[in-house]
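Structural features, examined
Okay, here's what each chain looks like letter by letter:
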Amino acid sequence: MSTPEADGFVFTSESVTGGHPDKMADQISDTILDAALGQDPGSRVAVETLLTTGLIVIAGELTTKAVLDYAGLARDCVRDIGYVGGEFGFDADAVGVLVALDKQSPDIARGVDASRETRTIRQDDPYDQVGAGDQGMMFGYATNETPELMPMPITLAHRLARRLTEVRATGLVPYLRPDGKTQVTVRYDSGGRPVRVEKLLISAQHAEGAEDKLPDALWEHVATQVLPAGLYDPADLRDNFYVNPTGRFVIGGPVGDAGVTGRKIIVDTYGGFARHGGGAFSGKDPSKVDRCAAYAARYVAKNLAAAGLADRVEVQVAYAIGVARPFSLLVDTFGTERVERATIARLVRENFDCAQPRSAITSTFAGRGTAPPPPTVISGAASPSSPGSARTRRRRCGVRPDSSRPGWAQAGTPIWASGRRRGTPGRRCCPGRRPGRPRASQGPARTG
């Protein structure tokens with residue numbers, strides 16, 4: 001047992017392979033989304049998928065000009081994942097596909113097509129014209145403990161899952177099957193930095209009779225190939241390496257467990273290390289703030305961490321359905337900031353306009369399939385590696401932010417109502433605290 005005290009703490013995250021039933025559901029939903037957007041970029045898509053033995057159910061709302069073969073798209077996705085033939089109990093060419101899709105509710109569409117700002121105060125700013133597709137809060141997080149600016153446990157769990165898929169697909173470990181999960185336990189020191197991998201778990205679907213071969217094969221071809229050498233002691237970790245703890249994992253995929261879209265939201269984000277608003281990503285078009293705002297918040301957090309302004313950054317943004325401008329925007333650095341919190345708030349206002357749905361859509365979904373945008377350069381901020389300004393190319397996600405506009409507040413002045421700046425002294429967004437991390441003496445930097 002570990003508690004976040006003077007000697008540090010341990011944290012565990014998991015990942016899954018593409019053959020896990022929940023992740024299969026995510027991929028089918030996103031396959032339909034991609035096909036709809038490919039033919040009609042203005043498609044409104046909210047597709048949910050359920051898989052079980054011998055059956056795929058596709059349900060939800062979809063308004064599009066695209067003509068789609070839903071069953072064919074689902075089968076192609078399952079085939080690409082690797083469930084072909086009857087050997088695994090789930091066959092892309094034999095599974096039944098039930099489609100139950102309806103159009104998007106006009107009550108929702110009217111708020112996305114014309115935001116509350118456009119309908120009530122006749123805003124002509126193009127970034128005020130698109131309303132949020134739902135209410136809710138979304139989070140983005142970044143930490144400098146890995147090159148990916150992601151928490152170490154989820155980063156290693158993803159690397160293991162990718163490698164597990166690779167050794168199966170290439171035939172290096174020929175008796176593996178598509179379903180699999182990984183789990184990594186990392187010890188952090190008292191300063192909140194990862195120091196070693198303490199435990200490792202891989203659950204991998206396999207062919208009949210391969211039970212005894214798996215532990216050594218997965219240690220040699222998976223674990224030791226992706227774990228950083230300085231983060232584990234081979235002899236110690238080998239003793240704490242678990243493979244299929246029940247002793248057998250032959251029945252897997254949708255035959256072993258039903259799969260549902262959106263049931264791996266923690267795997268899709270930060271492995272539990274940061275907060276989550278509860279909304280899933282897969283199967284949702286860019287008007288759904290569950291997806292585009294979470295991406296935009298991650299983009300902001302990642303650039304703040306990359307610029308050396310803080311070791312850890314979490315950004316929260318909240319919306320009302322049909323309203324373009326966010327209810328609130330919060331930046332929390334957990335006491336790890338290298339510059340004044342007011343400076344961070346100012347830099348967010350000056351360099352980003354990702355908080356409105358259309359701006360977030362433009363920055364996170366424009367040019368699907370193309371290279372990602374270059375890192376935003378935040379000028380005027382001191383970097384820990386250099387005494388001067390952090391030098392990067394400056395990029396804005398839409399129109400230039402203006403601190404005089406509603407929706408962009410000074411640090412310490414939250415916005416709790418759409419379209420108006422209203423200070424509420426003493427009220428906080430419950431920023432919480434991460435185990436083993438110093439508590440911020442003055443709280444998070446609030447930008448909205």
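For the structure, check the block above.
Residues numbered from 1 in each chain as written. Predicted model: local features only at pLDDT ≥ 70, side-chain atom pairs only at ≥ 80, totals over all residues. Heavy atoms only, no water.

1. Notes on the side chain of serine 43
Inspection of the secondary structure puts serine 43 in the loop between helix H1 (21-39) and strand S2 (44-52). Taking relative accessible area as the criterion, serine 43 reaches 2% and is therefore assigned buried. Only 2.6 Å separates the side chain of serine 43 from the backbone oxygen of aspartate 40, close enough to count as a polar contact. In this structure, serine 43 is in contact with Ala36, Leu37, Thr63, Thr64 and Asp285, ignoring residues within four places of it in sequence. (Helix = DSSP H or I, 4+ residues; strand = E, 2+ residues; numbered from the N terminus. Buried < 20%, exposed > 50% of the residue type's maximum accessible area, 1.4 Å probe, protein only. Polar contact = N/O pair within 3.5 Å; in protein donor to acceptor, adjacent residues only side chain to side chain. Contact = heavy atoms within 4.5 Å.)

2. Description of the packing of helix H5 (residues 152-169) against helix H6 (residues 214-226)
Running from N to C, H5 and H6 point in directions that differ by 140°, and their axes come no closer than 9 Å. When the interaxial angle is binned, H5 and H6 end up oblique. For the pair H5 and H6, the sense of crossing is right-handed. Together, Arg159, Leu160, Arg163, Leu164 and Val167 of H5 and Leu218, His221, Val222, Ala223, Gln225 and Val226 of H6 make up the contact between the two elements. Taken together, the residues of the contact of H5 with H6 break down into 7 nonpolar, 2 polar and 2 charged. (Axes fitted to C-alpha atoms, helices over the stretch in contact; angles between N-to-C directions. Parallel < 35°, antiparallel > 145°, perpendicular 65-115°, else oblique. Left-handed = near helix turned anticlockwise from the far one by under 90°. Nonpolar A, V, L, I, M, F, W, Y, C, P; charged D, E, K, R; others polar.)

3. Here we look at the pattern of salt bridges
Applying the stated criterion to the full structure yields 22 salt bridges. Of the charged contacts, one joins arginine 79 and aspartate 93 as a salt bridge, the two residues approaching to 2.4 Å between their closest N and O atoms. With arginine 79 in helix H2 (residues 70-81) and aspartate 93 in the loop between H2 and strand S4 (96-102), the pair connects residues that are 14 residues apart, well separated along the chain. Note on aspartate 93: relative accessible area 48%, which makes it partly exposed. Of the charged contacts, one joins lysine 288 and aspartate 285 as a salt bridge, the two residues approaching to 2.3 Å between their closest N and O atoms. The class for aspartate 285 is buried, based on a relative accessible area of 2%. Where salt bridges share partners, they join Asp22, Arg263 and Lys264 into one cluster. (Salt bridge = Lys/Arg side-chain N within 4 Å of Asp/Glu carboxyl O.)

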